[in-house]
Amino acid sequence: TSLSFYDSLLPVVAPREKRGLVSGLGVGLGYGGTVIAIPAAMWLLDFYKGFNPVHELRFHFVLAAGLFLLGSIPLFLWVPERPARKKPLPGQKVLRLSFRRTMVTLRALPRHPAMLYFLVGNFLCVDALNAAIAAYPAYAENVLGIARMDIMAWMIPFSLSALVMGIVGGRLSDRFGAGRVMLSASAAYVAAVVVCGLTGSKILFYGAFIMFGGYGLSTVWVAGRKMLLDLCPPGQVGKYFGLYNVGHKLSMFGILFFGLLADIDIPGLAAGGYRAGMLVQALTMMAGAACILKSMRIVRHEQT
């Protein structure tokens, strides 16, 4: 839920011509935070193994909560919030009113085809992203035989790549348009998935994962937020970001397909089910990119 409020602050803290850049900074620094979080998690895992704990990841929840709070404090202290234009209603009335308005928004989406195609396309793109993120440890371990601690360690250069690529993607979104940049990020993601799904080389796997994957995973988020703002009617940012983020949390189909396919044995191909499960994500991303392209064409048609 916090993402809906966080994303809705984007037009408050950034002028229109720099929304892509600020979105890129947000996503990039988010990935950059893992450069701190992963070494801390690895140290904590190694430290508590010496005490033979019942659950070796128990204290990682405390670490995650502490880092989340630490990262949130600057937002609460230094980011100004626009004052409410209307007198706030009691909590129960707000919930009932918000629910009714959400239902009205959903029923009205077919009358706004550009937004509808964007939300569907973004859902499919993010579904593929989340599937790849969730599948990465199991795939690297079972297909390429990479040790678990090495899998965590390789997330550090990937996160640094995503930090830089996210900022670059934000600047590109401001210059060339969010839709075009989102399509380029989708293409980079597909390239990463195809290489990672077919190669048996650890060097090629991590090269594609860090370079193409870093740009694809970070910039889909960056450009997606800016594209939604470009499509969103004035005064309705929070409402549409709510739908945008609900779609993110419902994106579970890709990882479900990965899990089902990973259990299949393909004769003559070692870990063939895992490879098939990874390659399927490219199809999901391409379907999402097709919807994004359709949304862009509708906007161009309306403008002419």
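Note that the structure is predicted; figures quoted are calculated from it, not measured. (Residues numbered from 1 in each chain as written. Predicted model: local features only at pLDDT ≥ 70, side-chain atom pairs only at ≥ 80, totals over all residues. Heavy atoms only, no water.)

(A) Structural view of a positive patch on the surface. Taken together, the side chains of Arg96, Arg100, Arg101 and Lys239 make up a positively charged region of the molecular surface. Position of Arg96 relative to the elements: it lies in helix H5 (residues 91-108). (Patch = residues over 30% accessible without salt bridge, like charges linked within 9 Å, V, L, I, M, F, W, Y side chains within 5 Å. Areas by Shrake-Rupley, 256 points an atom, 1.4 Å probe, with all protein chains shown as cover. Salt bridge = Lys/Arg side-chain N within 4 Å of Asp/Glu carboxyl O. Lys, Arg positive; Asp, Glu negative; His and termini not counted. Charge placed at Lys NZ, Arg CZ, Asp CG, Glu CD. Helix = DSSP H or I, 4+ residues; strand = E, 2+ residues; numbered from the N terminus.)

(B) Just the nonpolar core, in detail. By size, the foremost hydrophobic cluster in this structure holds 61 residues, and its most contacted members are Phe118, Leu119, Tyr189, Phe205, Tyr206 and Leu228. Ranked by residues supplied to this core, first place goes to helix H9 (residues 202-231) with 14 residues. For Phe118, the contacting residues outside a window of four places in its chain are Met182, Gly224, Met227, Leu228, Leu231, Tyr244, Ile292 and Ser295. (Core = buried A, V, L, I, M, F, W, Y, C linked by side-chain atoms within 4.5 Å. Buried < 20%, exposed > 50% of the residue type's maximum accessible area, 1.4 Å probe, protein only. Contact = heavy atoms within 4.5 Å.)

(C) Quick peek at the side chain of Ser159. Relative to the helices and strands, Ser159 is located in helix H7 (residues 148-176). In this structure Ser159 comes out as buried when scored by relative accessible area, which is 1%. The residues contacting Ser159, other than those within four sequence positions of it, are Tyr31, Gly32, Thr34 and Val35.

(D) Focus on the packing of aromatic side chains. On inspection of all chains with the given rule, the structure shows 13 aromatic pairs. Their ring planes at 10 degrees and their centres at 6.2 Å tell us that Phe205 and Phe209 sit as a pair that is stacked. You can see Phe205 and its partner Phe209 sitting in helix H9, four residues apart, about one turn around the helix. For Phe205, a relative accessible area of 2% puts it in the buried group. Accessibility expressed as a relative area gives 12% for Phe209, which makes it buried. Seen from their ring centres, Tyr206 and Phe209 are 6.2 Å apart, and the 75 degrees between their planes marks the pair as edge-to-face. Pair noted here: Tyr206 and Phe209 are both in helix H9, with a separation of three residues, about one helical turn. (Phe/Tyr/Trp six-rings, centres within 6.5 Å; stacked < 30°, edge-to-face > 60°.)

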